[in-house]
Amino acid sequence: TALKKYINAAAFTEPSPPSQQHILQQVQADKERLLELRESFDLLDKDKTGRISVKNLSTALKDIGAVVSEDFVQFGLNKFDFKHQGTIDFDEFCIMMGPDVAPDGMARSLSGELELRTVFDFFDADRSGVITNAQLKEALRKIGARSSDDEVASIMKLADTNMDGHIDFAEFSALCSKHFLPTA
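Quick summary incoming for the structure in this document. (Residues numbered from 1 in each chain as written. Predicted model: local features only at pLDDT ≥ 70, side-chain atom pairs only at ≥ 80, totals over all residues. Heavy atoms only, no water.)

### Things to note about the overall build of the chain
- Counting its secondary structure elements, the chain contains 10 helices and four strands.
- The helix and strand sequence of the chain, counted from the amino end, reads α-α-α-β-α-α-β-α-α-β-α-α-β-α.
- Taking all 184 residues of the chain together, 42% fall into the buried category.
- A fraction of 59% describes how many contacts in the chain between residues 6 or more apart in sequence connect residues 24 or more apart.
- Summed over its atoms, the accessible surface of the chain is roughly 10100 Å², and 55% of this surface lies on carbon and sulfur atoms. (Helix = DSSP H or I, 4+ residues; strand = E, 2+ residues; numbered from the N terminus. Buried < 20%, exposed > 50% of the residue type's maximum accessible area, 1.4 Å probe, protein only. Contact = heavy atoms within 4.5 Å. Areas by Shrake-Rupley, 256 points an atom, 1.4 Å probe, with all protein chains shown as cover.)

Set out below in structure tokens:
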């Protein structure tokens, strides 16, 4: 999930410093989540510096088959480098990953809802409040997911539960909760 969240960096809006602190406190209060994030962080911090670098991220993304440029990796790192040190430390990683999600798939925190909204807004490029077939295809292309017209149509059919030809935020949220967000 850390790498998936990183790949979605283009849609990420940096939370304000008070929100960052609140998210970090939520994560730190959940010892199980903190341990899970430490394990993920340590896997990405291959050179064991206590920081995740562009090199670390590039290697990890290539390992999972993601085809992304070094510029994209740098762009994503900059999005999560709240302290502007050129790397992501563990606290920044915890803020990026946020609190866990509840067993029903719904975000336990405001940060989860805000993150989902920013991802939705990335797909809804014209800010119309809905995602069209063309927008879905273009957003998938931007994050490096090579999707055929049939695959995009399949996603649309799965998500568009009211069958109006678009994916609204409620449908997007339900799709993500059911198929993409981890459960506790």
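### Describing helix α2 (residues 17–29)
- In this model α2 runs 18 Å from its N-terminal to its C-terminal C-alpha over 13 residues, within 8% of the 18 Å that 1.5 Å per residue would give.
- Here α2 has its buried residues at Q20, I23, L24 and V27. Projected down its long axis, α2 carries its buried residues within an arc of 100 degrees, all on one side. Away from its buried face, by an angle of more than 90 degrees, α2 presents the exposed residues P18 and A29. (Expected span 1.5 Å × (residues − 1). Arc of directions from axis to C-beta.)

That's the geometry; what it means functionally is another story.
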